[in-house]
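Working through the structure, step by step
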Amino acid sequence: MKRNLTAAALSVAALLAVAKPGTDPQMDKFIDDLMGRMTLKERIGQLNLGGVGSPKVVGSAKGLDVAIKEGLVSSIGGFDPKAAEDAQRFAEDNMRVFIPMITGLDVVHGYYTTFPIPLGSSSSWNLPLLEESARVAAREASAFGINWTFAPMVDISRDPRWGRVAEGAGEDPYLGSLVAQAMVRGYQGDDLQDPQSIMACTKHLVLYGASEAGRDYNTVSMDDVTAYNYYLPTYKAAFDAGAGSGMTSFNVVNGIPSTGNRKVMTDLIRDQWGFDGFIVSDANAIAEMIEHGVGDPQTVAEMALKAGTDMDMSASLYVACLEKSVAEGRVSEKEINTACRRVLEAKYKLGLFKDPWLYYTNKDKRQETILSPENLDVARRLARESIVLLKNSDKTLPLKPAKKIAVVGPLGQERGELLGTWSYGMSADTMSTIVEALQREVGPGTEVIFSQGSNWTEAPAIYKQGGKHPSDSLLMQAVADVADADVIIATVGEPAIWSGEAHNLTNPTLAEAQMNLLKAMKATGKPVVVVLMSGRPLIIPEIDEEFNTILQAWHGGTMAPEALADILTGKEAPSAKLTSTWPRNVGQIPLYYNALRTGRPYSGFWATTKYIDSTNDPLYPFGYGLSYNDYKYENLRADKLEAKGDNDKIRVTVDVTNLGTMPGKEIVQLYINDPVAKISRPMIELKDFAKVELAPGETKQVSFDVTADKLKYYDSELNYGWDEGDFIIFVGPDSKRIEKLNVKWTK
Ligand code: BGC
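Residues numbered from 1 in each chain as written. Predicted model: local features only at pLDDT ≥ 70, side-chain atom pairs only at ≥ 80, totals over all residues. Heavy atoms only, no water.

**Details of the environment of Lys363**
- Mapping Lys363 onto the fold places it in the loop between helix 15 (333-349) and helix 16 (366-369).
- Linking Lys363 and Gly145, residues 218 residues apart in sequence, is a C-alpha distance of 7.7 Å.
- Excluding residues that lie within four positions of it along the chain, Lys363 makes contacts with Glu85 and Ala143. (Helix = DSSP H or I, 4+ residues; strand = E, 2+ residues; numbered from the N terminus. Contact = heavy atoms within 4.5 Å.)

**Overview of the site of the ligand**
- Surveying the vicinity of the ligand reveals the residues Asp106, Phe150, Arg164, Lys203, His204, Met247, Phe250, Asp282, Ala283, Met313, Trp422 and Glu501.
- Between the ligand and Arg164, the relevant distance is 2.7 Å, taken from an oxygen atom to a side-chain nitrogen or oxygen of the residue.
- Residue Glu501 places a side-chain N or O atom 2.8 Å away from an oxygen atom belonging to the ligand.
- The fraction of the free accessible surface of the ligand (310 Å²) that becomes covered by protein chains is 91%.
- Looking at side-chain class alone, the shell around the ligand contains 6 nonpolar, 1 polar and 5 charged residues. (Near = heavy atom within 4 Å. Polar contact = N/O pair within 3.5 Å; in protein donor to acceptor, adjacent residues only side chain to side chain. Areas by Shrake-Rupley, 256 points an atom, 1.4 Å probe, with all protein chains shown as cover. Nonpolar A, V, L, I, M, F, W, Y, C, P; charged D, E, K, R; others polar.)

**Some words on the sheet that holds strand 20 (residues 664-673)**
- In spatial order, the strands read 18-26-25-20-21; together these 5 strands make up an open sheet with mixed pairing. With partners counted over all chains shown, the strands left at the sheet margins are strand 18 (642-644) and strand 21 (685-694), one partner each. This sheet shows a mean twist of 25° between the axes of neighbouring strands, independent of strand direction.
- Of the pairings in the sheet, the one linking strand 25 (residues 725-732) to strand 26 (residues 739-746) comprises 7 bridges and is antiparallel in character. In the strand pairing of strand 26, Gly725 is matched with Trp745. (Pairing = 2+ DSSP bridges. Axes fitted to C-alpha atoms, helices over the stretch in contact; angles between N-to-C directions.)

**Examining the packing of helix 8 (residues 173-188) against helix 10 (residues 233-240)**
- Packing of helix 8 against helix 10 brings their axes to within 8 Å, and their N-to-C directions diverge by 30°. It follows that helix 8 is roughly parallel to helix 10 by the angle criterion. Helix 10 is crossed by helix 8, and the crossing has right-handed handedness. Residue-level contacts link Pro173, Gly176, Ser177, Ala180, Gln181 and Val184 of helix 8 to Pro233, Thr234, Ala237, Ala238 and Asp240 of helix 10. (Parallel < 35°, antiparallel > 145°, perpendicular 65-115°, else oblique. Left-handed = near helix turned anticlockwise from the far one by under 90°.)

Spelled out as structure tokens, the structure:
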């Protein structure tokens, strides 16, 4: 039965329901036997994720070792792998009934080898390569005993003010779902008991990316049609791909904190979607429910457990409160057992009961596993395919032979800052700087110099860094330094800490000090290549207006400098496309491509309601990105224009030609519009794409099968289906430059 997110609270009988019995009789028997030997306290202990080094377990004020001995620590944070290993050994030697621990860490875009931030790597639209990156991350992390990653983060977001937009795959549910599945496959591999596979954790359940005004942790109020059609599919996709666990979000969803929201954690995720793994709270999120105003420690612990949050991350309220709750009859043992079973099943599926030290199998091979040439090659390829060419109107790129290239800007000599949010900096020492990588690539015949030119910012309200000299004097120095350069590469943007958790901006643009540097470089009259590196879409109408060459290189990871050098020098042509809309100004936010029409559209796809002081158009639309080659799209056609029933399909084909002189990859995109439906439907929605390789002059026929499934949506009753009638199919290089075909589909 389908229940919507705003449905009334459930009956007591439903609250007492036990989780579905597992499908593996051997596992069920093993866990029955194990749980039969565990005390209530030990079963509650399995619901507790304790931090390594955390001095006490709340409520007991005891040291971690005592807590482990008493069976109160089920899983552990892997920030310090040595400490996690020691904790596991201590557990083995001291627990009454030894139960191996799961070691979890945010391996979000790599471990030692760091890949571009997820928003960047999603711009590659290269699913096999993304999967490979997660595979590399799993191999490296598992060599250190880590067997659980708090990833993928699949929160859809339409708001570049939100710092965590860096961690997701952008605004689109179709692409976001495919990226989520590729990452889950990469982390978990074919066999979760392979010591090089780690369990994925889909996060943050749910709707975390829609926090009001882009303020992290903020309230989310959302109607069901919007949630089901645009914000929920990525979570479901990750579970469908087999993600073994999920993590709650910090926010309130329609009045109820997610972590204690049974409509989400049980009705939706388990009953509707059939997820049978375990759910962990976000860090301290159970305790934060007190701050949300829904009860005291015991009440919120009970609420979270009854909602379906099986494991408490770092609040330690389950171990502090639930035994008492059982004694008082407020929580049943059955409810504890349901959660405990789910956690034990995860351990069983990870192979930990066969061998608690399975994830230390490759301990001796750590050094050859991390940062291996193969891993770095994946990072370089993915970083290259993540760099979006936003503008190249006078063909400054690829760089022409030059005597002297000047790199300016705060990122030119950085290493760690290029790794972005959620990186542990473990490859920073081994990295090149942009200057070094570019020098290697252009060879000794060309001199590459560096001049910082500006600090990150002079605005005291924002983080100020590196300000040994004020930006003004750095700028004067840079003007002098570039005097005899042939071309200027301006590496500007954000340090890693300006995006990520709790790092929101009201005005995500380039800081004034860096903008001044760009203007001064332009005033030299030399060609200027603006290389933006940031954790989010930036609002840059002035740069777009004033400069002819702009690359968006994100925080590109360990191989960011080499990848950038490859693109600048034309070793490879850019092939990335934006996975989120870039607004012209903050007032346009939220701005996204798959919007509904208003009753008074004034023109085009992007018009809904007109502003007096701004166009409605974005600066750069979803799916946008240029190459050094031009690609011609022609002969959009279909094998038929009418289809019938659920199983029919229409084959749509377009000829794409590489008009340029370099081999290239083009992301061909297919969108659909349902002009008349039961409810108002988006102007266009991405429904398919292909990344095709084209030699210079080559033409390829690119075909897509449009099936009835691609016409489906959730209506106001939350029925998932399609309407018969007319549909418009669009194909093109981005969400704006699309050609259309009209088709009819009957039942
Ligand atoms: C973040 C999660 C993360 C967790 C553990 C929280 O603050 O919201 O995304 O997995 O910390 O590090």
